[in-house]
Amino acid sequence: MSPDTPDPERAADHAGAPDAAARPSGGPEPSSRPEPATDQPADTSDGARPADAVTAPGADPLAGHPGVVGAEPRETPVAAGGGGRLNVVRTTLAAAVLLAVLGAPLGLLWAGVAPGTPVQKTAGGAIYATPQPEQPIAADGWFSLLGLGFGVLAAIALWLLLRGRRGPVGLLAGTLGGLGAALAAWQVGRRIGLGTYHRLLATAPDGTVFTKPADLRAGGIDWLLGLLPVPYGNLLLPAFGAAVTYTLLAGWSRWPSLRPEPELDGDWPPGGPELSSAPGDPPAR
């Protein structure tokens, strides 16, 4: 058979084959076998790895979340500038005034538990009905205990309520508020029954025994240069209790910045030296 004569059997065998013109000259014939699957993950447009790469046995659970490793917890930003400083001053004064107002019920409590001192009316005024009475000492003791407890509770309340202002703001508010509360409690408590005492002192006959309301002997106010009031004695105990308690709370806080605990965007824990997906790192504890 001539080389130019087509073979009918060969033509019949390639009846379903694609046109030779469609194949590049000299190229290999296409294979009908499927290509083997590779272990390389497919690329995605957003750079994230497919889900099976994370859930595969032995895979790193943090591999699909590259932003978690080494991420630092974000804190609530604090306003800066003049407006931020003004807000700090307002918060401090508002907390201090609120604590000072709470000194009024503290004074009522002190007047209720502190005993009155028995006195006797004489021509020269009132004298103690008994020598060396213990009631004035008890009044000072009750005021000291109530004032110190008030300062401790005030510091705890400021620490829990002013979470975003922890630090000098809470400490200053507790100190000023405790001092104002002590002054308010003293003036309110000592006036309970004071009008009746002055009326009996003016109108009662000599020899009459009545009760003088509780007052402080271990605390009061001195006037510096006759202009500036300076409290002293057990009037300072509420401010002292608030300052010491707040300082202890700050010292035992696990957040050095004294800011509230940061809130993460997802459910993953914050990264750090104990959590890493780098090869060779020790497992997280």
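Read on for an overview of the structure. Please read these numbers as outputs of a predicted model, since none were measured by experiment. (Residues numbered from 1 in each chain as written. Predicted model: local features only at pLDDT ≥ 70, side-chain atom pairs only at ≥ 80, totals over all residues. Heavy atoms only, no water.)

### Details of the nonpolar core
- Within the largest apolar cluster, 24 residues are counted, with the highest numbers of intra-cluster contacts made by Trp110, Phe143, Leu158, Trp186, Leu216 and Leu235.
- Those elements giving two or more residues to this core turn out to be helix H3 (81–101), helix H4 (103–113), helix H5 (135–161), helix H6 (168–190) and helix H8 (237–251).
- For this core, the element with the highest residue contribution is H5, accounting for eight residues.
- Here tryptophan 186 is in contact with Trp110, Phe143, Asp215, Leu216, Gly220, Ile221 and Leu235, once residues within four sequence places are set aside. (Core = buried A, V, L, I, M, F, W, Y, C linked by side-chain atoms within 4.5 Å. Buried < 20%, exposed > 50% of the residue type's maximum accessible area, 1.4 Å probe, protein only. Helix = DSSP H or I, 4+ residues; strand = E, 2+ residues; numbered from the N terminus. Contact = heavy atoms within 4.5 Å.)

### Quick look at the sheet that holds strand S3 (residues 209–212)
- As summarised here, the arrangement of the three strands in space is S2-S1-S3, forming an open sheet in which the pairing is antiparallel. Of all the strands in the sheet, the pair left with one neighbour each is strand S2 (125–128) and S3. The average angle at which neighbouring strand axes cross in this sheet is 45 degrees, direction not considered.
- Packed on one face of the sheet, helix H7 (residues 194–203) meets strand S1 (117–122), S2 and S3 and runs near 145 degrees to S3. (Pairing = 2+ DSSP bridges. Axes fitted to C-alpha atoms, helices over the stretch in contact; angles between N-to-C directions.)

### Thoughts on empty space enclosed by the protein
- According to the stated counting rule, one finds one cavity of 30 Å³ or more in the structure shown.
- Lining the largest cavity, in full, are Leu106, Trp110, Phe143, Leu146, Gly147 and Ala185.
- The set of elements that each furnish at least two residues to the lining of the largest cavity consists of H4 and H5.
- Top contributing element to the lining of the largest cavity by residue count: H5, with three residues.
- Of the residues in the lining of the largest cavity, the class split is five nonpolar, one polar and no charged. (1 Å grid on protein atoms, 1.4 Å probe; cavity = no way out; pocket = protein on both sides within 12 Å on 5 of 7 lines; lining within 4 Å. Points joined across faces, edges and corners; volume = space filled by probe spheres on them. Nonpolar A, V, L, I, M, F, W, Y, C, P; charged D, E, K, R; others polar.)

### Here's the deal with the side chain of aspartate 140
- Along the chain, aspartate 140 falls in helix H5.
- No salt bridge is formed by the buried aspartate 140. Its closest oppositely charged neighbour is arginine 217, at 4.6 Å.
- Separated by 3.3 Å, the side chain of aspartate 140 and the backbone nitrogen of alanine 218 make a polar contact. (Lys, Arg positive; Asp, Glu negative; His and termini not counted. Salt bridge = Lys/Arg side-chain N within 4 Å of Asp/Glu carboxyl O. Polar contact = N/O pair within 3.5 Å; in protein donor to acceptor, adjacent residues only side chain to side chain.)

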